Amino acid sequence: QVQLVESGGGLVQAGGSLRLSCRASGRSFSSYTMGWFRQAPGKERDFVAGITWYGGSTYYADSVKGRFTISRDNAKNTVYLQLNSLKSEDTAVYYCAARIAPRATVVHTSQTGYNDWGQGTQVTVSS
């Protein structure tokens with residue numbers, strides 16, 4: 001089990017950028033697939049991006065492909081999500097999640113497979 005704390009959210013104009021961070025505490029961070037999900041008001045929580053245990057595989061939702069980049073620094077127990085070319089439809093609460101998956105080669109995209117979640121960080125994009 002890991003504890004996750006997100007940071008980096010805020011208010012930004014359309015076309016702008018943000019970098020979200022998620023710091024994990026606990027053992028064996030490098031054994032976890034890490035995912036970012038988001039939930040807009042009145043909508044379900046959706047997968048945004050994920051990265052396997054050593055960063056060898058990443059996967060993105062079609063809606064963010066080419067604009068968002070996920071990365072991780074296992075030495076710092078931190079996963080990042082770089083958000084570029086932001087649109088108003090990116091407005092949501094962004095959640096970091098962890099799934100124990102040592103040596104995984106494929107990113108799991110269903111939220112039901114993630115056991116640990118952060119509290120979320122709000123991203124608001126003004127048009």
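The preceding data block contains the structure.
If you're wondering where the values come from, they're calculated on a predicted model, not measured in any experiment.

What counts and what doesn't
- Residues numbered from 1 in each chain as written.
- Predicted model: local features only at pLDDT ≥ 70, side-chain atom pairs only at ≥ 80, totals over all residues.
- Heavy atoms only, no water.
- Buried < 20%, exposed > 50% of the residue type's maximum accessible area, 1.4 Å probe, protein only.
- Helix = DSSP H or I, 4+ residues; strand = E, 2+ residues; numbered from the N terminus.
- Pairing = 2+ DSSP bridges.
- Axes fitted to C-alpha atoms, helices over the stretch in contact; angles between N-to-C directions.
- Disulfide = S-S within 2.5 Å.
- Core = buried A, V, L, I, M, F, W, Y, C linked by side-chain atoms within 4.5 Å.
- Contact = heavy atoms within 4.5 Å.
- 1 Å grid on protein atoms, 1.4 Å probe; cavity = no way out; pocket = protein on both sides within 12 Å on 5 of 7 lines; lining within 4 Å.
- Points joined across faces, edges and corners; volume = space filled by probe spheres on them.
- Nonpolar A, V, L, I, M, F, W, Y, C, P; charged D, E, K, R; others polar.
- Salt bridge = Lys/Arg side-chain N within 4 Å of Asp/Glu carboxyl O.

Undergrad: Describe in detail the pairing of strand S7 (residues 68-73), supporting the description with residues and values.
TA: Side chains Phe68, Ile70 and Arg72 of S7 all project onto a buried face; the interleaved residues Thr69, Ser71 and Asp73 project onto a face where none is buried. Strand direction decides the pairing type here: S7 and strand S8 (residues 78-83), joined by six bridges, are antiparallel. Bridge pairing in S8 links Asp73 to Thr78. Here S7 folds back onto S8, and the loop between the two strands holds four residues, one of which, Asn77, carries a positive phi near 55 degrees.

Undergrad: Which residues make up the sheet that holds S8, and what are the values?
TA: The antiparallel open sheet is built from four strands, whose spatial order is S1-S3-S8-S7. Strands at the two margins of the open sheet, each flanked by one partner only, are strand S1 (3-7) and S7. Put simply, the sheet's adjacent strands are angled 15 degrees from each other on average, direction ignored.

Undergrad: Tell me what's going on with the state of the cysteines, and back it up with residues and numbers.
TA: A full pass over the atoms with the stated rule returns one disulfide. A sulfur-sulfur distance of 2.1 Å marks the disulfide that ties Cys22 to Cys96. One quick way to see it: the torsion about the S-S bond of Cys22 and Cys96 is about -80 degrees, and its sign makes the bridge left-handed. Of the two residues, Cys22 sits in strand S3 (residues 18-25) while Cys96 sits in strand S9 (residues 92-100), which places them 74 residues apart along the sequence. With respect to burial, Cys22 and Cys96 carry one shared label: buried.

Undergrad: Got a sec to walk through the nonpolar core? Specific residues and values, please.
TA: Counting residues in each nonpolar core, the largest one holds 30 residues, and the members touching the most others are Met34, Trp36, Leu81 and Tyr94. Of all the secondary-structure elements, those providing two or more residues to this core are S3, strand S4 (32-39), strand S5 (45-51), S7, S8, S9 and strand S11 (121-126). Beyond its immediate stretch of four places on either side in the chain, Tyr94 contacts Glu6, Leu20, Trp36, Phe37, Arg38, Val48, Phe68, Leu81, Leu83, Gly120, Thr121 and Val123.

Undergrad: Break down the side chain of Arg67 for me, with residues and values.
TA: As for its position among the elements, Arg67 is in the loop between strand S6 (58-60) and S7. Arg67 has contacts with Gln82, Leu83, Asn84, Ser85, Leu86, Lys87 and Asp90, leaving out every residue within four places of it along the chain.

Undergrad: Please set out the layout of surface pockets residue by residue, giving values where relevant.
TA: Considering only enclosed or pocket space, the largest pocket measures out at about 170 Å³ in volume. Listing elements by their share of the lining of the largest pocket, those giving two or more residues are S4 and S5. A breakdown of the residues in the lining of the largest pocket according to their chemical character gives four nonpolar, three polar and five charged.

Undergrad: Break down the pattern of salt bridges for me, with residues and values.
TA: Inspection of the entire model under this criterion finds three salt bridges. A salt bridge links Arg38 to Asp90; the nearest nitrogen and oxygen atoms lie 2.9 Å apart. One end of the pair, Arg38, is in strand S4; the other, Asp90, is in the loop between S8 and S9, with 52 residues separating them in the sequence. Each member of the pair, Arg38 as well as Asp90, carries the same accessibility label: buried. A cluster of three or more residues bridged by salt bridges with shared partners is formed by Arg38, Arg67 and Asp90.

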